[in-house]
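Fold and contact review
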Amino acid sequence: MGILVARTRQELRAMIGSLKSTLEDAGLRSSVGFVPTMGALHEGHATLIKKSSKENSITVVSVFVNPKQFAAHEDLDKYPRTFEADCELCLKAGAQIVFAPTPEAMYPDDFKTKISVDEMSQVMCGAHRPDHFTGVCTVVLLLLNFVAADRAYFGLKDYQQFAIISRMTQDIVHPTRIIGVTTVREEDGLALSSRNRYMDATARAAAACIPKSLRAAAEVFLSGETNAPAVLLAAREVLNSVSEFELQYCELRNAKNLTEVEARITHESVLAVAGFVQNADGVKTRLIDNVILTHDPDRLESLLDFVRLGTAVK
Ligand code: AMP
């Protein structure tokens, strides 16, 4: 079977309903997994979709470039759109339905509601993109309600987004379970991102300092250092040594509530970096990445994998 494409909430509900009843008629239990995206899909997205299709009998992927999460000066109009290829990737990765609404189908003319999560949305990326997470929360809650999934999958690359969505669904007792998925990286550690295709060779070379800086900090942390400024310094030294990289922030935050870790690292923490690299023609690309500093056995393995990846390319 090819991929099913729904353009409206009604079409989406009908498709999910019919797949569910086919499964149930065959005596099988059905569960729905959901992967929200903005399209221009790559292996990072494919990993989320594969995880969902392994854990659920039906997987829905949304492809929607959400205008509410872009500021006027940002890249809404030039955000890459590759719908045909996206559908193919979804099918290959095991999804059954792509939900690709128009902005009008998501936000009718009389739409007035904004969903926002206090404090966590104002720090890190939120300090530089003031309405961004309100736009994200508004669209994600709508999508979660449309799909009514058992589980929804979010990449830990966008850690702040994952933490805010987790907080939102917990606060409002939303029935969909939020699952974070380890960041998929290039060979040198650069996190895959739809925006990576904006970069030329000059920018791409500068971008390598991001994973390098996170790895340096992770190594200091894994060696037993619990002093936050010392761990931060390891990352900042790498970032500051590359003059082509324009740092926006490099911060250490509590992984649950995103409060700043200023002294000792006593709980699971996230070291997050954002900044710009520039093409030869002056076009800038904003990149974000992070590493979760943890001793939690469930997450330690991916931290060690990340550090090992660094050893391989040194
Ligand atoms: P986007 O289309 O960029 O909004 O991303 C859709 C989802 O894919 C989000 O949950 C992202 O965190 C996730 N994602 C994007 N890049 C990666 C990556 N390199 N590894 C894992 N997940 C990713």
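Predicted model, so just to flag it, every value in this text is computed and none were measured.

A short note on helix α9 (residues 209-222)
With 14 residues, α9 ought to run about 20 Å at 1.5 Å a step, and its terminal C-alpha atoms sit 20 Å apart, in line with that. Of all 14 residues that make up α9, 10 are buried, and the element is covered over most of its length. For α9, the full list of buried residues reads Cys209, Ile210, Pro211, Ser213, Leu214, Arg215, Ala216, Ala217, Ala218 and Phe221. Immediately beyond the C-terminal end of α9, within one or two residues, lies Gly224, with a positive phi of roughly 110 degrees.

Description of the domain arrangement of the protein
By domain assignment, the protein separates into domain 1 (4-181) and domain 2 (194-313). Opposite the 24 residues of domain 1 that make contact, domain 2 presents 20 residues. Across the domain 1/domain 2 interface, buried area totals approximately 2000 Å², and carbon plus sulfur atoms make up 56% of it. A per-residue breakdown of the area domain 1 buries against domain 2 is headed by Met124, His128 and Tyr159, which together make up 32% of the total. Run the count over domain 1 and domain 2 and you get 1 salt bridge. Put simply, Asp75 and Arg195 hold a salt bridge, and the shortest N to O gap is 2.9 Å. Counting every contact that joins domain 1 to domain 2 gives 9 residue pairs in polar contact (both at pLDDT 80 or more). Elements supplying a minimum of two residues to the side of domain 1 that touches domain 2: α5 (125-128) and α7 (159-171). Broken down by element, the side of domain 1 that touches domain 2 gets its largest block of residues, 4 residues, from α7. Residues belonging to the side of domain 1 that touches domain 2 are distributed by class as follows: 13 nonpolar, 6 polar and 5 charged.

A closer look at the site of the ligand
Near the ligand lie 17 residues; those nearest to it are Met38, Gly155, Asp158, Val184 and Leu192. Between the ligand and Asp158 there is a distance of 2.6 Å, counted from an oxygen atom to a side-chain nitrogen or oxygen. Between the ligand and Leu192 there is a distance of 2.8 Å, counted from a nitrogen atom to a backbone nitrogen or oxygen. Coverage of the ligand by the protein amounts to 93% of the 480 Å² it exposes when considered alone.

Description of the packing of helix α6 (residues 132-147) against α7
It is the contact of α6 with α7, at a shortest axis distance of 11 Å, that shows an interaxial angle of 55 degrees. One finds that α6 runs oblique with respect to α7. You can see that α6 and α7 cross each other, and the crossing is right-handed. Where α6 approaches α7, its residues Phe133, Val136, Cys137, Val140, Leu141 and Leu144 are matched on the opposing element by Gln160, Gln161, Ile164, Ile165, Met168 and Thr169. Looking at the contact of α6 with α7 residue by residue, the class counts come to 9 nonpolar, 3 polar and no charged.

Each value, and the rule that gives it
Residues numbered from 1 in each chain as written. Predicted model: local features only at pLDDT ≥ 70, side-chain atom pairs only at ≥ 80, totals over all residues. Heavy atoms only, no water. Helix = DSSP H or I, 4+ residues; strand = E, 2+ residues; numbered from the N terminus. Expected span 1.5 Å × (residues − 1). Buried < 20%, exposed > 50% of the residue type's maximum accessible area, 1.4 Å probe, protein only. Domains from an automatic or database assignment. Contact = heavy atoms within 4.5 Å. Buried area = accessible area lost by both parts, 1.4 Å probe. Salt bridge = Lys/Arg side-chain N within 4 Å of Asp/Glu carboxyl O. Polar contact = N/O pair within 3.5 Å; in protein donor to acceptor, adjacent residues only side chain to side chain. Nonpolar A, V, L, I, M, F, W, Y, C, P; charged D, E, K, R; others polar. Near = heavy atom within 4 Å. Areas by Shrake-Rupley, 256 points an atom, 1.4 Å probe, with all protein chains shown as cover. Axes fitted to C-alpha atoms, helices over the stretch in contact; angles between N-to-C directions. Parallel < 35°, antiparallel > 145°, perpendicular 65-115°, else oblique. Left-handed = near helix turned anticlockwise from the far one by under 90°.

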